[in-house]
Structures are given as structure tokens and as C-alpha cells.
Amino acid sequence: MNTPIPHADAVLRNYINGEFISSAMLFDNINPVDGSIINQVAEADKTMVDDAVMSAKRALKGEWGQLSVDQRCALLHKVADGIEARFDEFVAAEMADTGKSFFQATTIDIPRGAANFRIFADLAKSQSTECFHTHTQDGSKALNYAVNKPLGVVAVIAPWNLPLLLMTWKLAPAMAAGNVIVAKPSEETPATATLLAEVMHDAGIPKGVFNLLHGFGHQSAGEFLTQHEHVDAVTFTGESRTGSAIMKASADGVKALSFELGGKNAGIIFEDCDFDEAVAGTARSVFTNGGQVCLCTERLYVHRSIFDKFVAALKDKAEQLKIGWPLDQSTDMGPVISHKHRDKVVAYYESAISDGATVVTGGGVPKFGDARDNGAFVEPTIFTGLSEQSKIVKEEVFGPVCHITPFDDEDEAINMANDSRYGLAATVWTTNLQRAHRVAEQMDVGICWVNAWYLRDLRTPFGGMKLSGVGREGGVHSLNFYSEPTNICIKL
Ligand code: NAD
Ligand code: 6OD
């Protein structure tokens, strides 16, 4: 791909009330492949956060609020068209910010960015509300029906791992339901959100309906936004600890909250699985995006009768992964997001080793002998031999790593898989249909895949139990979260 990185060596600006606005505070946007500076980013200050929120509030009362759902959703299809028209630029920007592979950016991240707008626009047009014919004991009759209204100003706060995909996954249904948006991408990945603001502008989204702020979390744009009295709802994807901070900041305003948070996902591999499929699917679930997908598997439970064979086969898969330049189309895995995150992942590797883990493969930082040595790479890593209480078995690493434990019976596997403070996703590999249903139902998670991983239908409920989240999005769950129903009771 020859497309240059959009806005390289320029300043990425905020988008407020239909205008692109710089700021006196600039921060560097770093390419994790080689540590080079891609461009600078204009950090929004408190006044700019206020301007964005108030322009959104005005837009709700203006033209946007008068559009029919069909007109609104036609505009969202134009946004999807705009992403597709600038597909290569979005790919180049996402790869530069994250170091993710060309394959992943072109098959997952950017196509889903466009698809999120199309799917939620179409779903919003067929959103229904409840209607009841009421007969009371005293003989009165009434008709009860609900009308949906937007929540108002929705703050969308996104993480760095799937930047465009996860931002649009929330803002598309919010806009389809008629809300106005102030979005903040991660400070690590400002680029595709900036391109999205350009696409919104060109698609004719009325000014103030979509605003974009760059900046950090604590004592920066993220926190200013969640504390703002005119923000009506916060929809957030990121770490559980950040979710807790946002919950506290939002408490005074009693804002509506939807959170998709961390995971420590388990995979259970039964002796009756299709072995090759289980190995290939598990490798994908551990190493995709360098393990930086909240749904990635970090704990594996494998039946003792196939344990050694499975560990050896997964080791082969890990060692076959090509780590390298994202633009090289044969690259499977790029760096992790930043040097800081690399140090965190490596510290987990070191803690596993000092706890006595067997290093099946990896465990360190690769050496290339070129500019990539200034990047944030880590080796795909497999550990065995640790207790279930070890730090690396308990805590989310968010890197290309898993620990594998043997089990002897189904109940033991289920108990170990559920023994976690998180409850986001699980995978179960078996060819026994009854076992598949029986085990999947017992997993304490928001989504359990059987003989698959990250197979998505955007109409289905998505979210986590325990520390992994609050609420569900996806399909009507998203539209319901982003809507306020008013029930109207008419005495007949
Ligand atoms: P993070 O929580 O550090 O940051 C996410 C966003 O929150 C960023 O935009 C950041 O600037 C902002 N933020 C940070 N502190 C804030 C504060 N006090 N107030 C307001 N905003 C604040 O998460 P991350 O490191 O970007 O992403 C990785 C984490 O996200 C992992 O834990 C991963 O599991 C989780 N995640 C979960 C899902 C899911 O669907 N459950 C999806 C993707 C990522
Ligand atoms: O595919 C999705 O819709 C989704 N919300 C994925 C989340 C991935 C977490 O990193």
C-alpha cells in the first residue's frame, strides 16, 4: 500500500461546532513500530470541552432534532460511504497509530468502522416500542404506548486497541437514536477519529451533532467531559479501573452509563474437540492484534489427555507468527501500542517466570537489528505450570500471552474458568453437542463462543459481567440504551 499517512507532520485538531480547532497544548503521536513521531495532537482544554458540550446541546434543539429517523439514517449511510471512499487513508492512519497488521486493519478495523454506521442506521428505522391495552379492575380501559427520545449529549470515550471500530460501535447507534455526541479517542490513537470528523463534516452532519476532543483521561479532556453537567450519558470502553473512575465522576450528575471493560478470558479445550480447529482458533484468540482485544483468551484449560499435544501444537503456531513491519503484507503481528505498555507486558512475563512458570515459547522482546528495535515489540508467549492464584493467571495482561492449565473433568474446568473477577468472554472447544450447550450456559460471561472466536453478529447483546462491564450494547440493546422512552397512557 502506497497511501501516505494522512496529516503526517501536521497537527491533528479537535472538531467543535463544525470547525477544526487547534490548541496551545500539543502532544506527540508516536508510531509504536519504531518510536518515531507521526504528528502532533492538539489537546483540548476545559474551555474547549465546554464549547463542544454546549454546541452539542444546541444542535439537539436545532435541525438534527427535527429530522425524521429516515433522514438521520440516510446521513449515517453517507458517513459509511465516506469511510469507504477514504478506506486506504483510514487504513494507513490506523496502522501508523497502532502498528497493527495490514491484514487486520483491512479486514477488521476499517470495514467494521463503516459497517457500524450502516447496521445501526438500518436497525433504528425498524426500532419498535411497547404498546399495551390496559383493563383495570374498576372497568376502566386505557392504551399505553411508548415514544423514544434521545438521551441528549452523549460522551463517547474510546480505547486504543480497535480505535475506529470501538468508537463507531458506540457513536453510530447513539446518533441513529437521535443523540448528539462529544467523542474522545485514546491519546494513543487520535488519527482515525480525526479522519472520521472530516468524513462527518463532508457528509453534511449538521454542526454540533458530532464533536471530537483530543486529550488524556485524568485532569484532561476525558475527565472534564465525564464531569460536565450538560453531558447526559457516558458510554465508555477501556480498563475496569478507568470505568470505576468515570462512574465516580459521573455520580453527581446521575448520568446514564454503559461500560465495556477489561477481561481475563478463558478457553476450555475438551478431549473430544476437532483438534486442528481448536489449535488454530485458540491461536487466533490469543494472538490477534498482539493479544490487545478485550475478548482475547489469556487462560487456557486443556483436558489432561491432550495437554502435551495441544501445548506443542500451540507453540508451533506461536513460533510461526511473523512479527514485523505492519506494511509487509505477510506480517501477522506488529508491536504493542506503546513502550509503556510493552514494559507492562514484559513485567508480567518476568513475574510469571519468577513465580516458576515453564516458558513454552517467547517470554521476552524480539531483536531485529533495525529501526524496529526502537519499537514496542514483545514475543508471543506461552506459559504453563503456574497455580491459578499467580498474578499472570489472575490479572489482565492485554498482550500476546496465555497460560495453559490441565484439567481432569468438566466441572473442574468450568470452576477454574469462572474463578475470575472478570466475566467478558469464553471459548469452548468440543464436538459433543450436549456438552457444548451444558458448558456454555454455565460460563459467567457476556459472550461464550463454541468452536469459534470473535464471530460477531452486531444484533446480539454484547457486554460483560462482574468487572467486565455495565449493561449490554449491540442491536436493540444499543438503541434502547441511547433512547429514553416516555410512556403515554390514554384513558379510553
Ligand atoms: P483506558 O481505560 O486506559 O483508556 C480508555 C479511554 O479512557 C482513553 O480514551 C483514555 O484517555 C480515557 N480515560 C482514561 N482515564 C480517564 C478518566 N479518568 N476519565 C475519563 N476518561 C479517561 O483503556 P485503554 O488502555 O485505552 O484500553 C485497554 C483496556 O480496554 C483493556 O483493559 C481492555 O480490556 C479494555 N477494553 C475493553 C473492551 C470491551 O469491549 N469490554 C474493548 C476494548 C478494550
Ligand atoms: O466487535 C465488537 O463490536 C466489539 N465491541 C469488540 C470489542 C473488542 C474489544 O477489544
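No experiment lies behind these values; they were computed from the predicted model shown.

### Some details on the packing of aromatic side chains
Argument step 1. For the coordinates displayed, the defined rule picks out 14 aromatic pairs.
Argument step 2. Here the aromatic rings of Tyr15 and Phe20 are separated by 4.6 Å at their centres, their planes lie at 40 degrees, and the arrangement is tilted.
Argument step 3. Its relative accessible area of 3% is what places Tyr15 among the buried residues.
Argument step 4. Classification of Phe20 by relative accessible area gives partly exposed; the value is 24%.
Argument step 5. Ring plane angle 55 degrees and centroid distance 4.6 Å describe the contact between Phe27 and Phe216, whose orientation is recorded as tilted.

### Here's the deal with the site of ligand 1
Argument step 1. Inspection of the region around ligand 1 gives 30 residues, with Trp160, Glu187, Thr242, Leu261 and Glu396 positioned closest.
Argument step 2. One nitrogen or oxygen atom from the side chain of Glu260 is found 3.2 Å from an oxygen atom belonging to ligand 1.
Argument step 3. Residue Glu396 places a side-chain N or O atom 2.5 Å away from an oxygen atom belonging to ligand 1.
Argument step 4. Contact with the protein chains covers 92% of the free accessible surface of ligand 1, which is 860 Å².

### A closer look at the domain arrangement of the protein chain
Argument step 1. When its domains are assigned, the protein chain resolves into domain 1 (11-261 + 468-491) and domain 2 (265-457).
Argument step 2. A straight line from the C-alpha centre of domain 1 to that of domain 2 covers 31 Å.
Argument step 3. Both sides together, the interface formed by domain 1 and domain 2 hides about 2200 Å², and carbon and sulfur atoms give 59% of it.
Argument step 4. Looking at the side of domain 1 facing domain 2, the largest losses of area belong to Val33, Trp160 and Ser468, adding up to 26% of the total buried there.
Argument step 5. Counting the contacts that link domain 1 with domain 2 gives 0 salt bridges.
Argument step 6. Our count for the domain 1 to domain 2 interface comes out at 8 residue pairs in polar contact (both at pLDDT 80 or more).
Argument step 7. Elements supplying a minimum of two residues to the side of domain 1 that touches domain 2: α4 (87-98), α5 (102-125) and α6 (163-176).
Argument step 8. Of the residues forming the side of domain 1 that touches domain 2, the biggest block, 4 residues, is contributed by α5.
Argument step 9. Looking at the side of domain 1 that touches domain 2 residue by residue, the classes come out as 10 nonpolar, 9 polar and 7 charged.

### Describing the site of ligand 2
Argument step 1. All residues adjacent to ligand 2 are Arg112, Asn161, Leu162, Leu166, Trp169, Glu260, Val293, Cys294, Leu295, Tyr454, Arg456 and Phe462.
Argument step 2. For ligand 2, the accessible surface in isolation is 300 Å², of which the surrounding protein chains cover 99%.
Argument step 3. By residue class, the composition of the shell around ligand 2 is 8 nonpolar, 1 polar and 3 charged.
Argument step 4. Domain assignment of the residues forming the shell around ligand 2 places at least three in each of domain 1 (11-261 + 468-491) and domain 2 (265-457).

### Concerning the pairing of strand β19 (residues 425-429)
Argument step 1. Where burial is concerned, most of β19 is hidden: 5 out of the 5 residues are buried.
Argument step 2. Side chains of β19 alternate between two faces, with Ala425, Thr427 and Trp429 and Ala426 and Val428 buried alike.
Argument step 3. The sheet contact formed by strand β13 (residues 265-269) and β19 spans 4 bridges and is parallel. Looking across to β19, one finds that Ile269 is bridged to Trp429.

Basis of the calculations
Residues numbered from 1 in each chain as written. Chains lettered and ligands numbered in written order. Predicted model: local features only at pLDDT ≥ 70, side-chain atom pairs only at ≥ 80, totals over all residues. Heavy atoms only, no water. Phe/Tyr/Trp six-rings, centres within 6.5 Å; stacked < 30°, edge-to-face > 60°. Buried < 20%, exposed > 50% of the residue type's maximum accessible area, 1.4 Å probe, protein only. Near = heavy atom within 4 Å. Polar contact = N/O pair within 3.5 Å; in protein donor to acceptor, adjacent residues only side chain to side chain. Areas by Shrake-Rupley, 256 points an atom, 1.4 Å probe, with all protein chains shown as cover. Domains from an automatic or database assignment. Buried area = accessible area lost by both parts, 1.4 Å probe. Salt bridge = Lys/Arg side-chain N within 4 Å of Asp/Glu carboxyl O. Helix = DSSP H or I, 4+ residues; strand = E, 2+ residues; numbered from the N terminus. Nonpolar A, V, L, I, M, F, W, Y, C, P; charged D, E, K, R; others polar. Pairing = 2+ DSSP bridges.

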